[in-house]
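Each chain, letter by letter, is given below.
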Amino acid sequence: MTISLHRHFIEQVQRQPAAIRAAVFDAILALPDAFRRPAQHSGLGLRKLHPSGVWEVRIGLDLRALLQTAPDTAVLRFLGTHDEVRKYLKNL
């Protein structure tokens, strides 16, 4: 699986403290395995949110990362709180 980071996502991550950036990095590294074995609970909280291929990954208790999938590709597009994710999804 190829993982890409959208420019907007990179900017959002760069504004976070070092501990959050590390958690985001760990989640990115765990994504390919989570998609290969979705039945195993990995702690990422990976779940599909939208029929267009938008998925959510938990980054700690407060933050979520949104990614959009295509065959063998995932593009991380958004990082925000649960409420910010809901607002983002309304614009799809």
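As a reminder, the structure under discussion sits directly above these lines.
What counts and what doesn't
Residues numbered from 1 in each chain as written. Predicted model: local features only at pLDDT ≥ 70, side-chain atom pairs only at ≥ 80, totals over all residues. Heavy atoms only, no water. Phe/Tyr/Trp six-rings, centres within 6.5 Å; stacked < 30°, edge-to-face > 60°. Helix = DSSP H or I, 4+ residues; strand = E, 2+ residues; numbered from the N terminus. Buried < 20%, exposed > 50% of the residue type's maximum accessible area, 1.4 Å probe, protein only. Pairing = 2+ DSSP bridges. Axes fitted to C-alpha atoms, helices over the stretch in contact; angles between N-to-C directions. Contact = heavy atoms within 4.5 Å.

Peer 1: I'd like a rundown of the packing of aromatic side chains, residues and numbers included.
Peer 2: Scanning all chains against the criterion turns up two aromatic pairs. For the pair Phe-35 and Trp-55, a centre-to-centre distance of 5.1 Å together with 75 degrees between the ring planes defines the contact as edge-to-face. Of this pair, Phe-35 sits in helix H2 (residues 18–36) while Trp-55 is found in strand E3 (residues 54–59), placing the two residues 20 residues apart along the sequence. Ring centres of Phe-78 and Tyr-88 lie 4.6 Å apart, and the angle between their planes is 25 degrees; this geometry places the pair in the stacked category. Pair noted here: Phe-78 is in strand E5 (residues 73–81) and Tyr-88 is in helix H3 (residues 82–90), with a separation of ten residues, a long-range link. Tyr-88 gets classed as partly exposed once you look at its relative accessible area, which sits at 25%.

Peer 1: Explain the sheet that holds E3 residue by residue, including any values.
Peer 2: Either a parallel or an antiparallel arrangement is found when strands of a sheet pair, and the pairing is made through backbone hydrogen bonds. The five strands lie next to each other as E1-E5-E4-E3-E2, forming an open sheet whose pairing is mixed. Looking along the sheet, the strands with just one partner apiece sit at the ends: strand E1 (2–5) and strand E2 (47–50). The sheet shows a mean angle of 35 degrees between the axes of neighbouring strands, direction not considered. Pairing between E2 and E3: three bridges, direction antiparallel. Within E3, the residue paired with Lys-48 across the bridge is Trp-55. Here helix H1 (residues 7–14) sits on the sheet and contacts E1, strand E4 (63–70) and E5; the angle it forms with E5, its principal contact strand, is near 40 degrees.

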